[in-house]
Amino acid sequence: MVAFADFHRRSIEDRDAFWSEQAQLIDWQTKPQQICDYSNPPFAKWFVGGTTNLCHNAVDRHLADRADQAALIFVSTETDQEHTYTYRDLHAEVQRMAAILKAQGVTKGDRVLIYMPMIAEAAFAMLACVRIGAIHSVVFGGFASHSLATRIEDATPKVIISADAGSRGGKVIPYKHLLDEAIRLSSHKPGKVLMVDRKLAPFTPVADRDLDYATERAQHMDTVVPCEWVESTHPSYTLYTSGTTGKPKGVQRDTAGYTVALASSIPHIYQGKPGGTFFCTSDIGWVVGHSYIIYGPLIGGMATIMYEGLPIRPDGGIWWSLVEKYKVNVMFSAPTAIRVLKKQDPALLSKYDLSSLQALFLAGEPLDEPTAKWISEGLNGKPIIDNYWQTETGWPILTICNGVEKAESKFGSPGKAVYGYNVKLVDDQTGEELTGANQKGVLTIEGPLPPGNLQTIWGDDKRFVSTYWSTVPNKLVYNTFDWAVRDEDGYFFILGRTDDVINVAGHRLGTREIEESISSHPNIAEVAVVGVADQLKGQVAMAFAIAKDTSGLTDDAARSKLEAEIMKVVDTQLGALARPARVMFVTALPKTRSGKLLRRAIQAVCEKRDPGDLTTIDDPTALTQIQDQIA
Ligand code: AMP
């Protein structure tokens, strides 16, 4: 084993040699001529001149050695289905899906939007897209029509792939009416909609537009669809994420950089081996699902478990039973899920043979010490490894790379900067680098961003530069929008976002998006949404609204009715995940004299903390009203 410090140093100081070695972990059609072109900062081009294919690296190249090994293990405790697809099966299914897309005229560079529950066909769809060079854009199944419409509008897909319904906790969640409404709302109309009919929720197909997956698949049982070799920089997918402004950003990923980064992360971070099993409990609608349900494990020649269902149904032992049954080596989840399990009987953990499990990785939100300790004890001291990263980066920024050199974790810290990441803490006012121990600063990354990170924002290079690279004074660095400190040993501790983004159960939400949705209710004049600490979900959204007509809001029943109406608006526009925990009514919102909303003060009051400096507040009674409401 090499010392991690040397490994990291080399990745920065001898960047091209380092990544040229990592590039050998994947198959190329044409080898790259240049490892990194950073002649036009902050735009980095990785592995220039090379051609490769993400699906080839995830599926086809394994056929020689592991065609009959499990590749995709689909488990649904919602529909009681369990099916293992070998690499040979996966290869066949992906080609069938690719053939359907090709028959609809989808070619290299076309966008395909995937709005699906956690079913195997969603994995086939993603892999089929990258196989033919189409750019997929997966939209989380929990998003409703308005959120979906903005993504359809921005991605302008030629085809949308969807399903009749998802299911959660045994309750069918129909998708089709949300999709139809989203297409109606969007100015862009897809040519075709491919529907996987699970027979969970009846629907009426739209004539000349909707295609039935089973019927189409039957036409292409043996169609051969070769991989389309694409340039290294060809976009593989876009994935929308929230930021400060209401409009979601389409994070655009390349092909070769992403494939190399994931191929390298499997041994170095996750210690995964070909033939092993990876179980990531996220959803394909999120970045963790893209990288570690689908692409990473498959690139690494592992079997991957795709799980549809709750962690506590039929009981809180379901995940551990899968670890035992499929001899899971690497498990990846989120702190919220562990906090949910923590409320269950601890005997459910000891009931199963978990000896195959090497480590549990957790990401997406801060990992609190009680949760980390509980699960560490439950897993008999197996390593619990915190990963810090973002949709934008595609793979971890901070963690412990035990595959390079074994190191201790520290509670509350995701660890050190991962190789490839030149992380700097800077002063938010001056941009000056903070090199001392325990100084609080903004976590930034010096360019070029390593392989696998976002190339740009889909269709908006200017926004890529202005959002991420122009917000730290006097410095061209990538801004993560997270506060952090680094201790004397180089371990980072994340202290929360610097912007108006909140994190509910590991899901990133823009408060502005929720405010826009609430404001669309005819009786709402103004609203402020803040994230408030929550024991289970990390944070929840709280809304404080000013009604236009207050004459009817004289009693609790009337206020509850309006609150319920507003929640319904958010549910139908954005999805239940964005629904605020409470909507409270006030007659004024705390603002500065120049009209800026004092969100931090509102948040502090909700969390019963000191609201800090209020010298600029225009109307102090506005804050008192909030204080009274939450008392
Ligand atoms: P997303 O793009 O949805 O993955 O959200 C990224 C954001 O989630 C980061 O900017 C952090 O604010 C937060 N986050 C992700 N992982 C962690 C972690 N391990 N510890 C603390 N915060 C995290």
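Structure shown above.
Rules of the game
Residues numbered from 1 in each chain as written. Predicted model: local features only at pLDDT ≥ 70, side-chain atom pairs only at ≥ 80, totals over all residues. Heavy atoms only, no water. Near = heavy atom within 4 Å. Polar contact = N/O pair within 3.5 Å; in protein donor to acceptor, adjacent residues only side chain to side chain. Areas by Shrake-Rupley, 256 points an atom, 1.4 Å probe, with all protein chains shown as cover. Phe/Tyr/Trp six-rings, centres within 6.5 Å; stacked < 30°, edge-to-face > 60°. Buried < 20%, exposed > 50% of the residue type's maximum accessible area, 1.4 Å probe, protein only. Lys NZ or Arg CZ within 6 Å of the ring centre and 35° of its normal. Helix = DSSP H or I, 4+ residues; strand = E, 2+ residues; numbered from the N terminus. Pairing = 2+ DSSP bridges. Axes fitted to C-alpha atoms, helices over the stretch in contact; angles between N-to-C directions. Contact = heavy atoms within 4.5 Å. Disulfide = S-S within 2.5 Å. Right-handed = clockwise from strand over helix to strand, strands pointing away. Core = buried A, V, L, I, M, F, W, Y, C linked by side-chain atoms within 4.5 Å. Parallel < 35°, antiparallel > 145°, perpendicular 65-115°, else oblique. Left-handed = near helix turned anticlockwise from the far one by under 90°. Nonpolar A, V, L, I, M, F, W, Y, C, P; charged D, E, K, R; others polar.

(A) Spatial organisation of the site of the ligand. Around the ligand lies a shell of 14 residues, among which Asp-386, Asn-387, Thr-391, Asp-482 and Arg-508 are the nearest. Take Arg-497: an N or O atom from its side chain is 2.8 Å from an oxygen atom of the ligand. Within the side chain of Arg-508, a nitrogen or oxygen atom sits 2.7 Å from an oxygen atom of the ligand. For the ligand, whose accessible area on its own is 490 Å², the fraction buried by protein is 93%.

(B) Main features of the packing of aromatic side chains. Under the defined criterion, the tally for this structure stands at 35 aromatic pairs. Summarising the aromatic geometry, the rings of Tyr-270 and Phe-278 are spaced 5.7 Å apart at their centres and angled 65° between planes, so their arrangement reads as edge-to-face. In terms of burial, Tyr-270 and Phe-278 fall into one category: buried. Joined through ring pairs, the aromatic side chains of Phe-7, Phe-18, Trp-19, Trp-28, Trp-46, Phe-47, Trp-395, Tyr-419 and Tyr-421 make up one cluster. Note that Arg-151 overlies the ring of Phe-143, its terminal NZ or CZ placed 4.5 Å from the centroid.

(C) Quick peek at unusual backbone geometry. In this structure, Pro-314 follows Arg-313 across a cis peptide bond, with omega equal to 5°. Mapped onto the secondary structure, Pro-314 falls in the loop between strand E17 (303-308) and helix H12 (318-326). A cis amide bond, omega -5°, links Gly-447 with the succeeding residue Pro-448. Inspection of the secondary structure puts Pro-448 in the loop between strand E24 (441-446) and strand E25 (456-457). Its identity as a non-glycine residue notwithstanding, Ala-505 has a phi of 55°, on the positive side. For Ala-505, the location among the structural elements is in the loop between strand E28 (501-504) and strand E29 (507-510).

(D) Structural context of the sheet that holds strand E27 (residues 492-497). In spatial order, the strands read E23-E24-E26-E27; together these four strands make up an open sheet with antiparallel pairing. Two strands close off the open sheet at either side, each with one partner strand: strand E23 (423-426) and E27. For this sheet the average axis-to-axis angle between neighbouring strands, irrespective of direction, equals 50°. Taken together, the five bridges between strand E26 (residues 477-486) and E27 define a ladder with antiparallel strand orientation. Each bridged residue has a counterpart across the sheet, and for Arg-486 the counterpart in E27 is Phe-492. Lying over the sheet, helix H16 (residues 461-469) contacts E24 and E26, oriented at roughly 20° with respect to E26.

(E) Representation of the state of the cysteines. Applying the stated criterion across every chain yields a total of zero disulfides. Cys-129 forms no disulfide, and the closest cysteine sulfur to it belongs to Cys-55, at a distance of 10 Å. There is no disulfide at Cys-280, and the cysteine sulfur nearest it, in Cys-401, is 17 Å away.

(F) Just the environment of Phe-279, in detail. Of note, Phe-279 is situated in strand E16 (residues 277-280). A residue is classified by how much of its surface remains accessible, and Phe-279, at 0% relative accessible area, is buried. Taking the C-alpha atoms as reference points, Phe-279 and Gly-49, 230 residues apart in sequence, are found 35 Å from one another. If we skip the residues at most four places from it in the chain, Phe-279 touches Ile-305, Tyr-307, Trp-319, Leu-322, Val-323, Val-328, Val-330, Met-331 and Phe-332.

(G) Quick look at the pairing of strand E31 (residues 538-547). Summarising burial for E31: nine of the ten residues are buried, a large majority. Where strand E30 (residues 524-534) lies against E31, ten bridges are found, and the strand directions are antiparallel. When the sheet's bridge partners are listed, Gly-531 is paired in E31 with Ala-541. Across four bridges, the pairing between E31 and strand E32 (residues 582-585) is parallel. Along E32, the bridge assignment pairs Phe-544 with Met-584. For the segment spanning E31, helix H18 (residues 556-573) and E32, crossover handedness is right-handed.

(H) The arrangement of the nonpolar core in detail. Leu-127, Tyr-292, Tyr-295, Phe-332, Trp-395 and Tyr-419 are the most contacted members of the largest nonpolar core, which has 113 residues in total. Sorting elements by how many residues they give to this core places helix H6 (residues 120-131) first, with ten residues. Beyond its immediate stretch of four places on either side in the chain, Tyr-419 contacts Phe-4, Phe-7, His-8, Ser-11, Phe-18, Trp-19, Ser-264, Ser-265, His-268, Ile-269, Trp-395 and Cys-401. Within the second largest apolar cluster, 41 residues are counted, among which are Tyr-115, Ile-183, Ile-514 and Met-567.

(I) Highlighting the sheet that holds E16. Overall, mixed pairing links the seven strands, which are arranged E5-E4-E17-E16-E18-E19-E20 in an open sheet. Unpaired on one side and paired on the other, strand E5 (81-86) and strand E20 (384-387) mark the two borders of the sheet. Averaged over all adjacent pairs, the angle separating strand axes in this sheet is 20°, with direction ignored. Sheet topology note: the strand E19 (residues 359-363)/E20 ladder contains four bridges and is parallel. Within the sheet, the bridge partner assigned to Ala-363 lies in E20 and is Asn-387. Together, strand E4 (70-76) and E5 form the strand contacts of helix H5 (residues 87-103), whose direction differs from that of E5 by roughly 95°. Helix H13 (residues 335-342) contacts strand E18 (330-333) and E19 of the sheet and is inclined by roughly 115° relative to E19.

(J) Looking closely at the environment of Ala-541. Inspection of the secondary structure assignment puts Ala-541 in strand E31. Expressed as a C-alpha distance, the spacing of Ala-541 and Val-529, which sit twelve residues apart in the sequence, is 6.4 Å. Apart from the residues lying within four places of it in its own chain, the contact partners of Ala-541 are Ile-502, Val-504, Ile-514, Val-529, Val-530, Pro-580, Ala-581 and Arg-582.

(K) A look at the side chain of Arg-96. Looking at where Arg-96 falls in the secondary structure, it is placed in helix H5. Take Arg-96: its relative accessible area is 12%, and that puts it in the buried class. Here Glu-93 takes part through its side chain, which lies 3.1 Å from a polar atom of the side chain of Arg-96. Leave out the neighbours within four places in its chain, and Arg-96 touches Arg-217, His-220 and Met-221.

(L) Spotlight on the packing of helix H7 (residues 145-155) against helix H8 (residues 176-185). Two numbers describe how H7 lies on H8: the axes approach to 8 Å, and their chain directions differ by 50°. One element, H7, and the other, H8, form an angle in the oblique class. Of the two possible hands of crossing, H7 and H8 adopt the one that is right-handed. Residues Ser-145, His-146, Leu-148, Ala-149, Ile-152 and Glu-153 of H7 lie in contact with H8, whose contacting residues are Leu-178, Leu-179, Glu-181, Ala-182, Ile-183 and Leu-185. Here the residues of the contact of H7 with H8 are counted per class, giving eight nonpolar, two polar and two charged.

(M) Representation of H13 within the structure. Among the eight residues that make up H13, six are buried, leaving the element largely enclosed by the rest of the structure. Residues of H13 that are buried: Pro-335, Thr-336, Ala-337, Ile-338, Arg-339 and Leu-341.

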